[in-house]
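The lines below spell out each chain.
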Amino acid sequence: MAPMSATVDLPLLELASDSGETFPVDNPATGETIAEVPRMGAAETRRAIARAEEALPKWRAMLAKDRARILRRWADLMMENEEGLARLLTTEQGKPLAESHTEIAYAASFYEWFGEEGKRVYGDTIPTYAADRRIVVTKDPVGVTVGITPWNFPAAMPTRKSAPALAAGCTMVLKPAEQTPLSALAIAQLGLEAGLPEGVFQIVTGAAEDAPLIGGEMTSNHTVRKLGFTGSTEIGKLLMAQCAKQVKKVSLELGGNAPFIVFDDADLEEAVTGALICKFRNSGQTCISANRILVQDGIYDAFVSRLVDEVSKLKVGNGLEPETKVGPLIEQSAVDKVQRHVGDAIERGGELLLGGEGIGGLFWQPTIVTNVSADAAMSCEETFGPVAGIARFKTEEQAVHAANNTPYGLATYYYTRDMARIWRLSEALEFGIHGINTGLISSEVVPFGGVKESGIGREGSKYGIEEWLEIKYLCMGGV
Ligand code: NAP
């Protein structure tokens, strides 16, 4: 995979749309078009699903260890092509190159890990309820599945879905986001090179206007048994409703609104480092980004002052430049949203300490606003930008109440050295993922997912493969 700068060669997958039409993929750092990708719709999706159905019997019958060999080779090929894939990712998505390298390694790790996990899909025997009967539980692959993924992790979201699905013996048709289809296409190409049979993993691409057609076919086609979706809560609800008509299985990784809570007894430097990572990584465009930074009275001033020191050092620029720490936002509507959130927080009494404005193109100056009110837009919705909104609290009870005061429940972070408090918080905070004295919580070995309106199901870990399996109960009589 060659490094890309101005234009990107499309991977060799046989991709075509019936109309012959394409849509442009732009580099958010420069605005230039780096590739033209086929615009597909319902018909192309239907054909891909039919091919996935054809490929299913052989793939599900293959020994798990043979599937694992292919998945392992796929992971290895991704790592052999790490530099090219990372540059492609930065070019289409904007994040700093070092973050793209981390994402490629994270993305590849799912193929390695789930290939192995596929060998351990154990069933059960259950002590019988009748003397002449024996009870066995087996686990079967769900069948033909579909995935829909967002633009903020263009490599890791497709692999986090396809790895457990394929390891379990399912086939998958996946639609990446309009803004970032290239990483998914490149990864699928490497899958074929690793020995993946035709039809086991296919990509359908489309512009934003095509998404409802592709998603409509995926959710109404009777061959499809399961949807794995990562994206906004709004679209997740829509797709869940569409899947409900055929009672298709769903797993949904949706939006978050993560509280990041710093108590008086926290290690100040650790807390500042954690806030920097989980607020400014990927320009704040992650579902687990700290969205509400809540700081206790006694450490408030010291924390704010240290955070201002550190954030003012962050270099904004094109992600391909080595010193860049904060890349561009994904599109103009993202810049507009950040502007709206900052303006709204200030109108409601917030104090702007740093940044606060766009600096040309899709770049936004890293920003700190203090005294953010609980009813400010940035307290209630994901900002998805490099903006740290900080609010003060006095008691643990107030912090818990503020943190849980959201329909979302994906990630939360808290910094304290009091073990008893850590236990209390782990029980009281309604979130699927808890970062305790750390801002880094992603790995292929952990169950990633949310509660409340942040989703259903888990990805990664031994729990992740269960999402792609059906339990079958065998009752053997006449014994
Ligand atoms: P989005 O607008 O919901 O889009 C996500 C995907 O859904 C894209 O591929 C999009 O296609 C597609 N889509 C949109 N409308 C559709 C429709 N009617 N039918 C079928 N597909 C449709 O979300 P986003 O703005 O790209 O992503 C950011 C969101 O994802 C944030 O809320 C973030 O928190 C969440 N997220 C969650 C996790 C997690 O693990 N919980 C991880 C990452 C991101 P087009 O791009 O072509 O429109």
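Residues numbered from 1 in each chain as written. Predicted model: local features only at pLDDT ≥ 70, side-chain atom pairs only at ≥ 80, totals over all residues. Heavy atoms only, no water.

**Student:** Mind showing me how you'd approach the sheet that holds strand β8 (residues 224-230) here?
**Tutor:** Within a sheet, each strand pairs with its neighbour through backbone hydrogen bonds, oriented either parallel or antiparallel. Strand order in the open sheet formed by six strands is β7-β6-β5-β8-β9-β19, and the pairing between neighbours is mixed. A single partner strand is all that each edge strand has here, and the edge strands are β7 (201-203) and β19 (455-456). Summarising the sheet, strand β5 (residues 144-148) and strand β6 (residues 171-175) pair through five bridges and their orientation is parallel. Pairing of Gly147 across the sheet is with Leu174, part of β6. Along the sheet, helix α5 (residues 156-168) contacts β5, β6, β7, β8 and β9 (249-253); its crossing angle with β6, the most-contacted strand, is approximately 165 degrees. (Pairing = 2+ DSSP bridges. Helix = DSSP H or I, 4+ residues; strand = E, 2+ residues; numbered from the N terminus. Contact = heavy atoms within 4.5 Å. Axes fitted to C-alpha atoms, helices over the stretch in contact; angles between N-to-C directions.)

**Student:** It is not clear to me how the nonpolar core should be interpreted in this structure. Could you clarify?
**Tutor:** One recurring pattern in soluble globular proteins is that nonpolar side chains are buried together. In terms of nonpolar packing, the biggest core is built from 54 residues, with Trp74, Met78, Tyr111, Leu166, Leu182, Leu196 and Phe201 touching the most fellow members. Here this core takes eight residues from helix α4 (residues 97-117), the largest share from any one element. (Core = buried A, V, L, I, M, F, W, Y, C linked by side-chain atoms within 4.5 Å. Buried < 20%, exposed > 50% of the residue type's maximum accessible area, 1.4 Å probe, protein only.)

**Student:** I tried to follow the packing of aromatic side chains on my own but got confused; where do I start?
**Tutor:** Two measures describe an aromatic ring pair: the distance that separates the ring centres and the angle between the ring planes. Throughout the structure, instances matching the rule amount to nine aromatic pairs. Ring geometry for Phe263 and Phe393: centres 5.4 Å apart, planes at 75 degrees, overall edge-to-face. Note that Phe263 is positioned in the loop between β10 (258-262) and α9 (268-280) and Phe393 in strand β14 (residues 387-393), a separation of 130 residues in sequence. Classification of Phe393 by relative accessible area gives buried; the value is 6%. An aromatic cluster of at least three residues, connected via ring pairs, comprises Tyr106, Phe110, Trp113 and Phe114. Positioned above the aromatic ring of Trp468, the side-chain terminus of Lys226 is 4.4 Å from the ring centre. (Phe/Tyr/Trp six-rings, centres within 6.5 Å; stacked < 30°, edge-to-face > 60°. Lys NZ or Arg CZ within 6 Å of the ring centre and 35° of its normal.)

**Student:** What's the story with the site of the ligand in this structure? I'm lost.
**Tutor:** Residues in contact with the ligand amount to 33 residues; listed here are only the nearest, Thr149, Arg160, Ser232, Leu254 and Glu382. The separation between an oxygen atom of the ligand and a polar side-chain atom of Arg160 is 2.8 Å. Coverage of the ligand by the protein amounts to 89% of the 920 Å² it exposes when considered alone. Sorting the residues of the shell around the ligand by element identifies α5, α7 (211-220), β8 and α8 (233-244) as the ones contributing at least two each. Each residue belonging to the shell around the ligand can be placed in one class, and the counts come to 19 nonpolar, nine polar and five charged. (Near = heavy atom within 4 Å. Polar contact = N/O pair within 3.5 Å; in protein donor to acceptor, adjacent residues only side chain to side chain. Areas by Shrake-Rupley, 256 points an atom, 1.4 Å probe, with all protein chains shown as cover. Nonpolar A, V, L, I, M, F, W, Y, C, P; charged D, E, K, R; others polar.)

**Student:** I keep staring at the packing of helix α3 (residues 82-93) against α4 and nothing clicks. Help me out?
**Tutor:** Between two packed helices, the angle of one axis relative to the other and the distance separating the axes together describe the packing. Packing of α3 against α4 brings their axes to within 8 Å, and their N-to-C directions diverge by 120 degrees. On the basis of the axis angle, α3 is oblique to α4. In the packing of α3 onto α4, the handedness of the crossing is right-handed. Touching Glu82, Glu83, Leu85, Ala86, Arg87, Leu89 and Thr90 of α3 are Leu97, Ser100, His101, Glu103 and Ile104, all from α4. Counted by class, the contact of α3 with α4 contains five nonpolar, three polar and four charged residues. (Parallel < 35°, antiparallel > 145°, perpendicular 65-115°, else oblique. Left-handed = near helix turned anticlockwise from the far one by under 90°.)

**Student:** Teacher, can you tell me more about the pattern of salt bridges here?
**Tutor:** Close approach of charged atoms lets side chains of opposite charge pair. Under the definition given, this model contains 34 salt bridges. Among the salt bridges present, the one from Asp140 reaches Lys472, with a minimum N-O distance of 2.6 Å. Separated by 332 residues along the polypeptide, Asp140 in strand β4 (residues 134-141) and Lys472 in strand β20 (residues 469-476) bring together distant segments of the chain. The buried category is assigned to Asp140, whose relative accessible area is 17%. As a salt-bridge pair, Lys226 and Glu467 come within 3.8 Å of each other at their nearest N and O atoms. Of this pair, Lys226 sits in strand β8 while Glu467 sits in the loop between α15 (461-466) and β20, and the two are 241 residues apart along the sequence. A residue is classified by how much of its surface remains accessible, and Lys226, at 1% relative accessible area, is buried. Through salt bridges with shared partners, a single ionic network connects Glu269, Arg306, Asp309, Glu310 and Lys313. (Salt bridge = Lys/Arg side-chain N within 4 Å of Asp/Glu carboxyl O.)

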